[in-house]
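Okay, here's what each chain looks like letter by letter:
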Amino acid sequence: MSNKIDESNYICLSAILRAKEARLLSMERMERMLSKSSYADACRVAADAGWPDMSEMGVDGINAVLDARRTEEFADIRDMIPDKALLPLVCLQYDCHNAKVLVKSGGDTSRSASLFSAAGCYTVEELQEVYDNEESGGALPDGFAEAIHEAKRSLARTGNPQLADYLLDRAYFAELLKTAQLAEKPFLETYVRSHIDKVNLRSLLRTLDMGRRGDLLANALIEGGDVGLEQISDPTLTKEDIARLYAVTIFADAAEAPDMTSFEKAADNAEKEYISGGSLIPYGPEVVLEYAAALENEIVSLRIILTGKRMGIGEETLRERLRESYV
């Protein structure tokens, strides 16, 4: 059964999000922040763009402000989006993060309270209900709920938290792909498949020189990308082989990046270019996805700049880490 979308239901929400998007930090304003000689001066530029004054805050304070903005904006999206079935495309990533924290804390939310995000589709209490009761999936999608149970059992059996993370990642991407396919929106499905390609490419590059690469790849790779697992699961692939396989994707430049820092920036910018294609669509779920990505990009950029300035990191080093702006 499909969840075919009626784009006309998104006219009002799309107009609201387009207006919000226009107020996000531009690349020009971020460059001004980078060029400021002091942390306080950089904070003033952000304040001029509508952010709270963070000039007296340390790193924890900065992170709290950024997380609060994300929580507020995603709460609005959850309330206003006409098709609740599409919410996994926007915010299930934060539920996946919370599930990982929950599993690694042994179900004790008090031990890791500061690590949870409130931007997910589900509350931490809903996740814990599933964690505590192996017979229940609660309000969560069946596949994602079962992945929490499997991750819990895996960690108890192996003591390896990375294996638990891989189980949750697979379930997360499976749910994203199912959601996009049911919506019958090619833009959304292509986005999910490209995101899977990015994750798999990261795993390939990270394990390139590792002696246990075969084992690591078998656990880390995700099904559903445009570059099939049968093409990339060979542990003998060279950097040149990987670049050739990804030359037909939006991550061609990222596959040739000289190091992981360069890869992350190139891959994020490539994904940004694809999502920005939604700006040509006047209204619809594509606008929601684009705004959510643009907001996350702004938060990441502010974190890079402000925490970097606060810690005395140089302008050029910060610029190398900065992603392109959506506005």
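Structural data are supplied above this passage.
Novice: Got a sec to walk through the environment of Gly 225? Specific residues and values, please.
Specialist: By the secondary structure assignment, Gly 225 is in the loop between α10 (213-220) and α11 (229-232). A residue is classified by how much of its surface remains accessible, and Gly 225, at 16% relative accessible area, is buried. Separated by 32 residues in the primary sequence, Gly 225 and Arg 193 have C-alpha atoms spaced 4.4 Å apart. Ignoring any residue separated from it by four or fewer positions in sequence, one finds Gly 225 in contact with Arg 193, Ile 196 and Asp 197.

Novice: Talk me through the nonpolar core; I want residue IDs and the actual numbers.
Specialist: Of all hydrophobic cores here, the largest spans 83 residues; its most connected members are Met 33, Trp 51, Phe 144, Ile 148 and Leu 306. Broken down by element, the residue count for this core peaks at 13 residues, all from helix α15 (residues 285-310). Formed by 19 residues, the second largest nonpolar core is a distinct cluster that contains Leu 201, Leu 217, Ala 243 and Leu 245.

Novice: So what about unusual backbone geometry? Which residues, and what values?
Specialist: For Glu 184, which is not a glycine, the phi torsion comes out positive at approximately 55 degrees. Note on placement: Glu 184 falls in the loop between α8 (161-183) and α9 (186-206). Assessed through its relative accessible area of 41%, Glu 184 is described here as partly exposed.

Novice: Lay out helix α5 (residues 87-104) in plain terms, naming residues and giving numbers.
Specialist: Across its 18 residues, α5 extends 25 Å between first and last C-alpha, which sits within 8% of the 26 Å expected from 1.5 Å per residue. Of all the bends in α5, the greatest, near 35 degrees, is centred on Gln 93. Counted residue by residue, α5 has 15 buried out of 18 residues, so it is predominantly covered. Count one or two residues on from α5 and you reach Gly 106, which has phi positive near 70 degrees.

Reading the values: rules and limits
Residues numbered from 1 in each chain as written. Predicted model: local features only at pLDDT ≥ 70, side-chain atom pairs only at ≥ 80, totals over all residues. Heavy atoms only, no water. Helix = DSSP H or I, 4+ residues; strand = E, 2+ residues; numbered from the N terminus. Buried < 20%, exposed > 50% of the residue type's maximum accessible area, 1.4 Å probe, protein only. Contact = heavy atoms within 4.5 Å. Core = buried A, V, L, I, M, F, W, Y, C linked by side-chain atoms within 4.5 Å. Expected span 1.5 Å × (residues − 1). Bend = angle between axes of the 7 residues up to and from the residue.

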